[in-house]
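# Summary of structural features
This is what each chain is made of:
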Amino acid sequence: MLARPCRPDAELDLQRSVQAVLRELGAQAPALQSNQGMWRWSLHKKVERDPGKSPALVRILLRELEKAESEDIRHAIIPLLHTLMYVLTKATGITEELYRRTYTFCTRLLTLPAPYCTVALDCAIRLKTETAVPGTLYQRLVIAEQNLTSELYPYQERAFLFVDPELVSPSVCSALLLELEAAQVQQTPEACMRHVVAHALQAALGDACHAGALQRKLQASPRQALERYFHAVVAAVEQMASEPSPSREGHLERLEEIYCSLLGPAAAARGRCGGDPLQSPQPNIPLPSPHITFHLWTDEEQLWKELVLFLRPRSQLCLSADLEALDLQGFWPDRELARVSMLSTDSGIERDLPPGADELPLPGSPEMERARLQRKGGVKKRVRLPDVLMPACWDGPPGLHRRTGRPSGDGELLPGVSRLHTARVLVLGDDRMLGRLAQAYHCLRKRETQKCCLTPRLSLQLYYIPVLAPEKQASCRHSELRELATFLGRADPWYESTVNTLCPAIHKLAEMPPSLDTSRTVDPFILDVITYYLRMGTQPIYFQIYTVKIFRDLSQHPAEDIFLTELKVKIQDTKPPKDGFSPRRRGAAEGPGAELNICYQKALLSHRAQEVAVSLRTTGLVLKTFAASDTEVSGPAPAPPPAVPVTDHTCLNVSVTEVIKSSNLAGRSFSMVTNTFRTANIQIQSQDQRLLTLLLDKDSRRTFKDVVRFEVSPCPEPCSGAHKSEASQLGSHGQEVEGTKAKPKPLLMPINTFSGIVQ
């Protein structure tokens, strides 16, 4: 298949656009900073309007990638590679030589450290199939995103867009909803099936495919005939892609038969002879945007309910009854695969064994079945199955905080149970919205320990787009409310350039009057960027969730909550002491603030436990999960962006405003000094009559007043706290013998980016 040559002026224009994208990564010019995110979008739009430019753009991107590799410009490798893969997914005129060059380049990147080798491996796996069976990536993407029925590729995806109406303005919510609805009106199942058939035939046949006649034939085909062509094409592609050594020639022969059945032998013969010289350029085959549902976040359990409805959308039962119908049948692995300790009760003397005891029964015999069901004369060790409750997409590296995770993949979490559904949850808002997402994520994991109905069948992917209210952007709280977005932008330059720049564009969309002319074609910039992020953002960064125990009365059980980004402590005005509250100590110094007793475990590079206990007077303190160096941005970032220091992300960063009393000739005076330290566990208790106010994740709705004491520690996995350690057993008389408890596994919440943390 020969690609049609691109005009020199058009190729030069593509080259300039690619250079603009590379300059945008550094963002050194003010003009580029104001247009961040537009260059990549405009580059893809140029290829969409003229698909014949795709081979030229692939060659340009390959040259830039090879240049970045030879000159060690690593910060440009992953953005260029994602751009290249996005073009290859949608293009139809790519030669086999270009596919093999791209695959060879990806294999060379496997020698680089993570995340480059991780992204390159994912691309190489997809390219190997696409090279032998062109059109596979496009077909699988459309089938999964549009939930088209196919027995050979049964995977389904759903994107959920969650917005907190109290944090995002109604105009922004309305604008986003209108844009989503306008895009999905034209994405009917029939249109998507036509796109799959046309793309597969054009990708395989190339110039031998009469694209215009094919489009007209598919448009005129009734639903039943269209479904027949669709299933035939899917079967041809999937069966060839599933073979150990797929043959490009065999794939071409099978699709030629489908092409002949569509247009007839005469049209197919003209195509093989070189096609029509007067034929117009091949029409663009759009890649439909994913099916995105819009939700206003009003209920803490709303995420879990939507995920259950995604798994069982056709249920006629009410939600509660539907959830009860999700039983655990087939979820647990074969108990024979688990290693079980047995306590022997025989004498150990061979003559004491009953006759025939040394002969093993045949497999499948009644004796073997009875032996499986019969309780032996011993004690079985309780089997822990923590991995069953912790799927790969939810599980972060042990002991790490905000590290790059392995790419998620389809497969079986448990034997016989396939994870065919992928839920892509996208939240819009600031750090307060992420605090609510962490609460919902924690509740979801906790509920799964009680009844594991979602985890084995569902792959959960989390995404985040920062959106601040317009009045907040000019205020001093702008940087405070987007600390996590700032961290993600510093960790992943492509996230900074593509996602962090969406906030101004979203507000501009909200200010525009709604268009009532549906016949006019509009390029939805916001939806295109969201779609690009959902498809290419496959590398998660894991964030530690922290739990806080809040005591309002030391004689009662504490309340518990979690936070993700920040816990702020303020000193309340003096109130009469409550029952159970420790009285004021005699001789306590008068002055601002309150005297607190702080006990924490100091964070050391050696990971040794060093307890520190201090008493001091303070006007307040802040516990942050980000160090100041992670979120402070002064002016344009240099190219390449600075590496994110990993050592600061394993614990909390505590800032205490201490009150220092001094006496001089003028009398008593007080000065304020800010002390900072790092820890993972901390307990704070007021020592006088002053009570505390806690503010979680900067959200005024999550305020706790009249607090006497609170304790903060990493939130453990819900399932890890529900199990005893492997050393705990039952004694011979049924009494439980406690062993040493294993260290609980921390609960990490993944947020997908394009590359993870780039060091």
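Provided above is the structure to which this section pertains.
Here's what I pulled together on the structure shown here. Per chain, residue numbering runs from 1 following the sequence as it is written. Reporting in this predicted model follows two pLDDT cut-offs: at least 70 for local features of residues, and 80 or more for side-chain atom pairs to be given and counted; totals over whole chains, interfaces and linings ignore these cut-offs and use all residues. No hydrogens and no water enter the side-chain calculation; it runs on all heavy atoms of the structure.

Counting buried residues along helix α21 (residues 483-491), nine of its nine residues qualify, which places the element largely inside the surrounding structure. Within the sequence span of α21, burial applies to Glu 483, Leu 484, Ala 485, Thr 486, Phe 487, Leu 488, Gly 489, Arg 490 and Ala 491. Note on exposure labels: buried denotes an accessible area under 20% of the residue type's maximum, exposed denotes more than 50%, and partly exposed covers the range between, all computed with a 1.4 Å probe on protein chains only. The numbering of helices and of strands both runs from the N terminus, where a helix is a DSSP run of H or I of at least 4 residues and a strand a run of E of at least 2.

To continue, consider helix α1 (residues 8-26). Look at α1: 28 Å from first C-alpha to last across 19 residues, which is about the 27 Å you get at 1.5 Å a residue. The set of residues buried in α1 consists of Ala 10, Leu 14, Gln 15, Ser 17, Val 18, Ala 20, Val 21, Leu 22, Glu 24, Leu 25 and Gly 26. By definition here, a helix of n residues has an expected span of 1.5 Å times n minus one.

Every angle, taken between N-to-C directions, lies between 0 and 180 degrees, and every axis is a line fitted to C-alpha atoms, over only the stretch in contact when it is a helix. The interhelical angle for the contact between helix α9 (residues 170-185) and helix α23 (residues 502-511), taken along N-to-C directions, is 85°, at an axis separation of 8 Å. With respect to α23, the element α9 is oriented roughly perpendicular. Every residue of α23 that contacts α9 at Ser 171, Val 172, Ala 175 and Glu 179 is listed here: Ile 506, His 507, Leu 509 and Ala 510. Oblique is the label for any angle not covered by the other classes, which are roughly parallel (under 35 degrees), roughly antiparallel (over 145) and roughly perpendicular (65 to 115). In this description, contact between two residues means that some pair of their heavy atoms is separated by no more than 4.5 Å.

A side-chain nitrogen of Lys or Arg and a carboxyl oxygen of Asp or Glu constitute a salt bridge if their distance falls within 4 Å. Per the counting criterion, the structure on display carries 30 salt bridges. Of the charged contacts in the structure, one is a salt bridge between Asp 164 and Arg 436, with a shortest N-O distance of 3.0 Å. Taken together, the residues span a long stretch of sequence, with Asp 164 in the loop between β1 (156-163) and α9 and Arg 436 in helix α19 (residues 431-450) at a distance of 272 residues. With a relative accessible area of 1%, Asp 164 lands in the buried category. Across the pair Arg 702 and Asp 697 runs a salt bridge whose closest N-O atoms are separated by 2.9 Å. By sharing partners, the salt bridges in this structure join Asp 164, Glu 166, Arg 436, Asp 699 and Arg 701 into a single network.

Turning our eyes to something else, we now look at the pairing of strand β10 (residues 566-571). Strand direction decides the pairing type here: β10 and strand β12 (residues 611-624), joined by five bridges, are antiparallel. Across the sheet, Leu 567 pairs through a bridge with Leu 623, a residue of β12. The rule for pairing is simple: two strands pair if DSSP sees at least two bridges between them. Examined bridge by bridge, β10 and strand β15 (residues 692-696) share five bridges and lie antiparallel to one another. In the sheet register, Lys 570 faces β15, and the bridge partner there is Thr 693.

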